[in-house]
Amino acid sequence: MSKQYYDLLGVSETATDEEITAAFEQLKKKYSEERFLEGEQGNEAAKMLNRIDVAYNEIMTERRENRSASNASSAYAQVEQYIRDGKINEAQAVLDEFNERPAEWHYLQSVVFYKKNWENESKKQLEIAIQMDGSNEKYRTAYNKLKEKMEYDKRRAETPGNVSGGTQGTYQDQSTGGYDEQQQQMGGGFCEQCATCCACNVLFNCCLNACCGCR
């Protein structure tokens, strides 16, 4: 926002909404009376009336947008914390309260769906996030990893001799050095196929600054 709008109303950028409104109303009253004067003074007052109206609307619109963005950022942080804590229903409840749903909302919704084992729904949400913000590497990486996992699960299910309904494989993440506790509990070791199978799970967790073994 250009500082000139604040200067035009005679207030600082740190002024409260009430102070800005009061200054605007005072100037509006002044120029509304002066616009009926004859000659250049009346014409200048009419121009100033339009200018302060534009300045006031621009300032208040930007302030509303900034507050909305700040509130959204705080709510996203709350959703992420709920996910880290394993409180998936609580995370979903916060997401449901959003009126505007930008790309980050759809990404977090995809994480919640993934935690519920709703992989198709998770994939759809990531697709929407990418459509809205195609340059975001986090969304694209999560989408690619999820596709890899789903394709691996499909091949595994179609392979004769595989036991269906088994526990999802887990692995040591090469980029973070994290090791999933489930793997140790199962008595298994790291394998390349397991890495393909569960890369998505680790990715989501790392995107939320949580290791795959913390839950």
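See the structure above.
Caption draft 1: The arrangement of helix H2 (residues 17-34) in detail. When the terminal C-alpha atoms of H2 are compared, their 26 Å separation across 18 residues agrees well with the 26 Å that a helix rising 1.5 Å per residue should span. Asp17, Ile20, Ala23, Phe24, Leu27 and Tyr31 are the residues of H2 that are buried. Taken around the axis of H2, the buried residues stretch over an arc of 130°, which confines them to a single face. Exposed side chains of H2 directed beyond 90 degrees from the buried face belong to Glu18, Gln26, Lys29 and Glu33.

Caption draft 2: Main features of the environment of lysine 29. Looking at the element boundaries, lysine 29 is found in helix H2. Separated by 20 residues in sequence, lysine 29 and leucine 49 have C-alpha atoms that sit 9.1 Å apart.

Caption draft 3: Quick look at the nonpolar core. Ranked by size, the top nonpolar core spans 25 residues in total, and within it Val79, Phe98 and Tyr107 carry the most contacts. Secondary structure elements with two or more residues in this core: helix H3 (40-84), helix H4 (88-96), helix H5 (103-115), helix H6 (119-132) and helix H7 (137-158). For this core, the element with the most residues is H5, which contributes seven residues. Formed by 17 residues, the second largest nonpolar core is a distinct cluster that contains Tyr6, Val11, Tyr31 and Tyr56.

Caption draft 4: Examining the pattern of salt bridges more closely. Per the stated rule, a full pass over the model turns up 10 salt bridges. A salt bridge links lysine 3 to aspartate 7; the shortest N-O distance between them is 2.9 Å. One end of the pair, lysine 3, and the other, aspartate 7, are both in helix H1 (residues 3-9), four residues apart, so they sit about a helical turn from each other. Exposure remark for aspartate 7: the relative accessible area of 46% places this residue in the partly exposed category. A salt bridge links arginine 67 to aspartate 17; its shortest N-O distance comes to 3.1 Å. One end of the pair, arginine 67, is in helix H3; the other, aspartate 17, is in helix H2, with 50 residues separating them in the sequence. With a relative accessible area of 40%, arginine 67 lands in the partly exposed category.

Cut-offs applied
Residues numbered from 1 in each chain as written. Predicted model: local features only at pLDDT ≥ 70, side-chain atom pairs only at ≥ 80, totals over all residues. Heavy atoms only, no water. Helix = DSSP H or I, 4+ residues; strand = E, 2+ residues; numbered from the N terminus. Expected span 1.5 Å × (residues − 1). Buried < 20%, exposed > 50% of the residue type's maximum accessible area, 1.4 Å probe, protein only. Arc of directions from axis to C-beta. Core = buried A, V, L, I, M, F, W, Y, C linked by side-chain atoms within 4.5 Å. Salt bridge = Lys/Arg side-chain N within 4 Å of Asp/Glu carboxyl O.

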